[in-house]
Amino acid sequence: EDAARFIESEEMPSTTEDHGENSFFEVTIRALGGLMGAWSLSGEPVFRDTARRLGNNMYSAFNTPSGMPAHSVDVGTGYFQQDSGVVLAEAGTLQMEWGALSEATNDSKYIAAADRSEDAVLKASGGSGLVPVTLTGNSQTPRFSTRKTSVGAAGDSY
């Protein structure tokens, strides 16, 4: 109840203020995921509605040639810069949070964007399981841009 009251008293994120660049991945797993978890457990509409506002503000970062989101986005204005590279975990681990948002709002655009990102990774992988951790992000057909693989940071979530 306290968290719901706090969020109701603060418009988070503000859609009129510049919040600076924030990691798309980190905001997705921590803020969007946290709001969706709180909504799932409590049923309080303020959590779902705030998640929808946050998701709408972040959604523009999917507007890239590959469909993989930009590395960072301003969660207030939606401003992002196209990156030349994308980290595997950032592009391939979006389905849970963005899918939950689609389900909660009955709006398939969120999961469709996450799926396009995952599809770009899978297409680049050519069916391989263990793949490098960095992809080119500024083309319609991303390719792996390094040979480095990892089951830890950067490669553990896809």
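Residues numbered from 1 in each chain as written. Predicted model: local features only at pLDDT ≥ 70, side-chain atom pairs only at ≥ 80, totals over all residues. Heavy atoms only, no water.

**Q** Requested: an account of the environment of S128, with residues and values cited.
**A** By the secondary structure assignment, S128 is in the loop between α6 (109–125) and β4 (134–136). Considering only alpha carbons, one finds S128 and A31, 97 residues apart in sequence, at a separation of 31 Å. (Helix = DSSP H or I, 4+ residues; strand = E, 2+ residues; numbered from the N terminus.)

**Q** Which residues make up the packing of helix α1 (residues 2–9) against helix α3 (residues 45–58), and what values go with them?
**A** For any two helices packed against each other, the geometry comes down to the angle between their axes and how far apart the axes lie. Here α1 crosses α3 at 45°, and the two axes come no closer than 9 Å. In terms of axis orientation, α1 runs oblique to α3. In the packing of α1 onto α3, the handedness of the crossing is left-handed. Counting all contacts with α1, which are made through A3, A4, I7 and E8, the residues of α3 involved are V46, F47 and T50. When grouped by side-chain class, the residues that make up the contact of α1 with α3 number five nonpolar, one polar and one charged. (Axes fitted to C-alpha atoms, helices over the stretch in contact; angles between N-to-C directions. Parallel < 35°, antiparallel > 145°, perpendicular 65-115°, else oblique. Left-handed = near helix turned anticlockwise from the far one by under 90°. Contact = heavy atoms within 4.5 Å. Nonpolar A, V, L, I, M, F, W, Y, C, P; charged D, E, K, R; others polar.)

**Q** Describe the pattern of salt bridges, naming the residues involved and giving the relevant values.
**A** Taken as a whole and assessed by the stated rule, the structure comprises five salt bridges. Between E26 and R30 there is a salt bridge, and its shortest N-O distance comes to 2.6 Å. Separated by four residues within a single helix, E26 and R30 lie in helix α2 (residues 24–42), roughly one turn from each other. For R30, a relative accessible area of 57% gives the class exposed. In this structure, D49 and R52 form a salt bridge, with 3.7 Å as the shortest nitrogen-oxygen distance. Placement of both D49 and R52 in helix α3 is noted, with a separation of three residues, approximately one turn of the helix. Given a relative accessible area of 32%, D49 falls into the partly exposed group. (Salt bridge = Lys/Arg side-chain N within 4 Å of Asp/Glu carboxyl O. Buried < 20%, exposed > 50% of the residue type's maximum accessible area, 1.4 Å probe, protein only.)

**Q** An account of helix α5 (residues 95–105) is needed here, citing residue identities and associated values.
**A** Taken together, the buried positions of α5 are occupied by E97, W98, G99, L101, S102, A104 and T105. N106 occupies a position one or two residues after α5 and carries a positive phi of about 55°.

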